[in-house]
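Analysis of the macromolecular model
Given next are the chains, with one letter for each unit.
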Amino acid sequence: MSITSIPVHFSDKRRRAIDRWVKRIVTACGVGILLLMLLLFFWLIWVVLPLFSTPGVQVVASQQLWDKAPVLAMGSDGPLGWRISRNEARFIPLDGQPAGPALALQGKPDAVAQSAYHHSLLLNMQGDLLLMQPVNGEWRFPLGDRPLHLPQGAVSHMALATLTDNQWRIAAQTAAGIVLLTLDNSNRVGQILLPQQQADRLLLSPDGSVLYTSEGRLLRVWQVSTDGAQLRETQTLTEKPQSLHLLAGGRTLLIQDTRGVSQWFAIAGPQGPRLQEIRTFNASTGASLIVTESQRRVFATLNAAGEVSLFASKQPGPIVTRKLAPGVQAAAFSPRGDTLLLERAGQWQRLRLDDPWPDFSWRNLWQKIWYENYPQPDWVWQSTAAGDSYQAKFSLMPLVIGTLKAASLALLFATPLALAAAMYTAWFMTPGLRRWVKPGIEMMGALPSVVIGLIAGIWLAPHISNALIGVLLLPLVLAATLLLCGLFSPRLPARWRQPGYEVLLLLPILLAVTLFTLWLPTYIWPNIGERLAHYEQRNLLVAALAMGFALVPLIFTLAEDALFSVPLSLGQGSLALGATPWQTLTRVVLPGASAGIFAALMIGFGRALGETMIVLMATGNTPVSEGGLFAGLRALSANIAIEMPEAAAGSAHYRILFLSALILLIFTLIINTVAEVIRQRLRQRYNQHEGQG
């Protein structure tokens, strides 16, 4: 046989050109993938970054007023502002155009009460009541333009709530006591006289179902219905309140005194809901004026020095503060909360507010927050609800905890199976049998995760609920069975104990033991899962089993490759020195492959963190931080898949979902990068060993 060697001076221009082009194409593809990952990373940052932008206050414009009389009430209705004084009611364009004709009021109003969202105004016309509505540049009088005189006498204090478009509830302090009136545009009147005689301040909830009255340091809460009013509770305050306000939704009560502005809301107890003080906002002392938004839980304070501060219900202190000229007499938010209208000395001044997400902060994502009607601070993720006044809750802790629990338990389930299979296949199994087993296990990795999730949610979860005790006992029973098989295997005939074929004997035994272990408890205690108080059919156990099944092929393949990458000379040397195959595996091969095995586990953990469909279909998707093995959970990836189609583009919900995706991406990249670095070092070490051999 002749061997034709290639001369040293041999040169093939066509082959070298192809090599150069292939190298350039491969390099371009690799660089393109890196650029694509960087583009995805920076795009996520670009979407998330506005959440952390600093709120701003900017003076837009000022304009002079015709009426110099002190203002009683003011507000804005789109491009128009409206103003009521003792002399007149007038709409004023906010773009500087001349104002329209004023509405002369019959009588001199002393005070004005506004309903929630500023849809209706109640004027105190020297003891009589007049209901007005500013609508699209027109003044409407749904109950007539003549003031209503109450038979109980002149009204000194009052509050207003809009029940429907044609029905209102009025709380009025008269000489005869506090009276509740329910009026509609057909002049039908419902009247309730409260036992309480006097009150310094009255405040109705937006739906008119709760009345707050203050008398000195006593705060009384009345539950109002069509049949009457019942005193729900009486609170003794530390100081006499200076003013009472309700935030949007009507559940959070603001009480102002010399200490500042404190936040209160009702918490359910043995005797029903009771008000509880939640916090006193930092830097809220000395406010001369408090104004609330109609759509968001935001309010502003202004003091005599002209300092304006914006507060949100979930923030302990002001989210933005701006120093203005002193002398502000009144203020009102625009309907969308993006403009604050101020009046001082016969002049209007508009402030543009750049604060689209006042309730969001980095602290709210990770720390416990005391939400309305919750008994204590907690981590809560609940982005939407049926009511328009719902307070969104965006805590990522339940999702992060659910992700880590599911991934960790899945890794705990998959690791012994995958590593044991890799060790047996790489070290003990015959090459002929390995050529069938290894591709078969790797083929499991091609099974779509949605199919695994569907099987786990539809078939596996009910069966686990029925055979729960057997499932929990199965690992112990299988371990005991393997130990017994190891004890009795030397007694088998020699022809049955051929090295590398033990699996053919073990599989039928293990299968029979598994079926018996799952069947016997089911026969004795049927449907045991349904009898447990806190058992959910789709729970952490189901998700871990399904995800562990999906992780086995990945961990098996990488671990088996790591075992095979250990130089053969090390194992042969150990065997030549008299060590058994098991001693060689545990003391020579496994330490040499430990870095590669660790990399396999890390990559499997990263795969479990990013899993979506299995945790979406095999768990109850309940975003809770508590709960054990039989409770539901929700992972970050599943939460994105569930809520992203419903999130409004550009909203806080939308951007927080992208933030959770960014956190998940960073976490997965860190884990995979560490694993890949370890694999590269392992490869270099083995190359050195091979070179030395």
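To keep things clear, this report deals only with the structure shown in the data block. (Residues numbered from 1 in each chain as written. Predicted model: local features only at pLDDT ≥ 70, side-chain atom pairs only at ≥ 80, totals over all residues. Heavy atoms only, no water.)

Moving on: the overall build of the chain. Per the secondary structure count, the chain includes 14 helices and 30 strands. Taken against the 2.2 N^0.38 rule, which gives 26 Å for 693 residues, the C-alpha radius of gyration of the chain at 37 Å runs more than 25% over that of a compact globule. Across its three principal axes, the chain shows a C-alpha extent of roughly 120 × 80 × 40 Å. The proportion of buried residues among the 693 residues of the chain is 45%. For the chain, the computed accessible surface area is about 35,400 Å², with 61% contributed by carbon and sulfur atoms. Between the mean site of the 54 positive side-chain charges and the mean site of the 42 negative ones, the chain shows a separation of 11 Å. (Helix = DSSP H or I, 4+ residues; strand = E, 2+ residues; numbered from the N terminus. Rg over C-alpha atoms; globule rule 2.2 N^0.38 Å. Buried < 20%, exposed > 50% of the residue type's maximum accessible area, 1.4 Å probe, protein only. Areas by Shrake-Rupley, 256 points an atom, 1.4 Å probe, with all protein chains shown as cover. Lys, Arg positive; Asp, Glu negative; His and termini not counted. Charge placed at Lys NZ, Arg CZ, Asp CG, Glu CD.)

Our focus in this paragraph is the pairing of strand E22 (residues 287-292). Pairing analysis gives 5 bridges linking E22 to strand E23 (residues 298-303), with the strands arranged antiparallel. The partner of Thr292 across the bridge, within E23, is Phe299. Joining the antiparallel neighbours E22 and E23 is a turn of 5 residues. (Pairing = 2+ DSSP bridges.)

Another aspect to go through is the packing of helix H5 (residues 449-466) against helix H9 (residues 540-564). At their nearest, the axes of H5 and H9 sit 10 Å apart, and the two run at 135° to each other. Considering the angle they form, H5 stands oblique to H9. Here the hand of the crossing between H5 and H9 comes out right-handed. Touching Ile452, Ala456, Leu460, Ala461 and Ile464 of H5 are Leu541, Val542, Leu545, Ala546, Phe549 and Ala550, all from H9. (Axes fitted to C-alpha atoms, helices over the stretch in contact; angles between N-to-C directions. Parallel < 35°, antiparallel > 145°, perpendicular 65-115°, else oblique. Left-handed = near helix turned anticlockwise from the far one by under 90°. Contact = heavy atoms within 4.5 Å.)

Attention now goes to the environment of Ala631. Here Ala631 shows up in the loop between helix H12 (613-618) and helix H13 (636-643). For the pair Ala631 and Ala99, spaced 532 residues apart in sequence, the C-alpha separation works out to 63 Å. Setting aside residues up to four positions removed in sequence, Ala631 forms contacts with Glu536, Asn539 and Leu540.

Moving on to the sheet that holds strand E25 (residues 320-323). Consider a sheet: its strands pair through backbone hydrogen bonds, and that pairing is either parallel or antiparallel. If you walk across this open sheet you meet the 4 strands as E22-E23-E24-E25, and the pairing is antiparallel. Of all the strands in the sheet, the pair left with one neighbour each is E22 and E25. Strand-to-strand twist of the sheet, defined as the mean angle between neighbouring strand axes without regard to direction, takes the value 20°. In this sheet, E25 lies alongside strand E24 (residues 307-312) in antiparallel orientation, the contact comprising 4 bridges. Within E25, the position partnered with Leu310 by the bridge is Val320.

For H5, with 18 residues, the first-to-last C-alpha span of 24 Å sits near the 26 Å given by 1.5 Å per residue. Taking the largest bend as the criterion, H5 deviates by roughly 45°, centred on Leu460, and proline Pro462 comes between one and four positions later. Here H5 has its buried residues at Ile452, Gly453, Ala456, Gly457, Leu460, Ala461, Ile464 and Ser465. (Expected span 1.5 Å × (residues − 1). Bend = angle between axes of the 7 residues up to and from the residue.)

With that settled, consider the packing of H9 against helix H11 (residues 581-609). With their axes 8 Å apart at the nearest point, H9 and H11 run at an angle of 150° to one another. Classed by the angle they form, the pair H9 and H11 counts as roughly antiparallel. Once H9 is placed against H11, the crossing between them reads as right-handed. Of the residues in H11, those touching H9 at Met547, Ala550, Leu551, Leu554, Ile555, Leu558, Ala559, Ala562 and Leu563 are Val589, Leu590, Ala593, Gly596, Ile597, Ala600, Leu601, Ile603, Gly604, Arg607 and Ala608. Its residues assigned to classes, the contact of H9 with H11 comprises 17 nonpolar, 2 polar and 1 charged. (Nonpolar A, V, L, I, M, F, W, Y, C, P; charged D, E, K, R; others polar.)

All told, the structure shown has 14 salt bridges when counted by the stated rule. In this structure, Glu611 engages Arg607 in a salt bridge whose closest nitrogen and oxygen atoms are separated by 2.4 Å. For Glu611, a relative accessible area of 5% translates into the label buried. Exposure remark for Arg607: the relative accessible area of 33% places this residue in the partly exposed category. Where salt bridges share partners, they join Arg434, Lys438, Glu442 and Glu560 into one cluster. (Salt bridge = Lys/Arg side-chain N within 4 Å of Asp/Glu carboxyl O.)

This part covers the nonpolar core. Counting 80 residues, the largest nonpolar core has Ile464, Leu563 and Ile656 as the members making the most contacts within it. Looking at which element gives the most residues to this core, the answer is H9, with 15 residues. Aside from chain neighbours lying at most four places away, what touches Ile464 is Val471, Tyr535, Leu541, Val542 and Leu545. Val320, Val328, Phe333 and Leu340 belong to the second largest nonpolar core, which has 16 residues in total. (Core = buried A, V, L, I, M, F, W, Y, C linked by side-chain atoms within 4.5 Å.)

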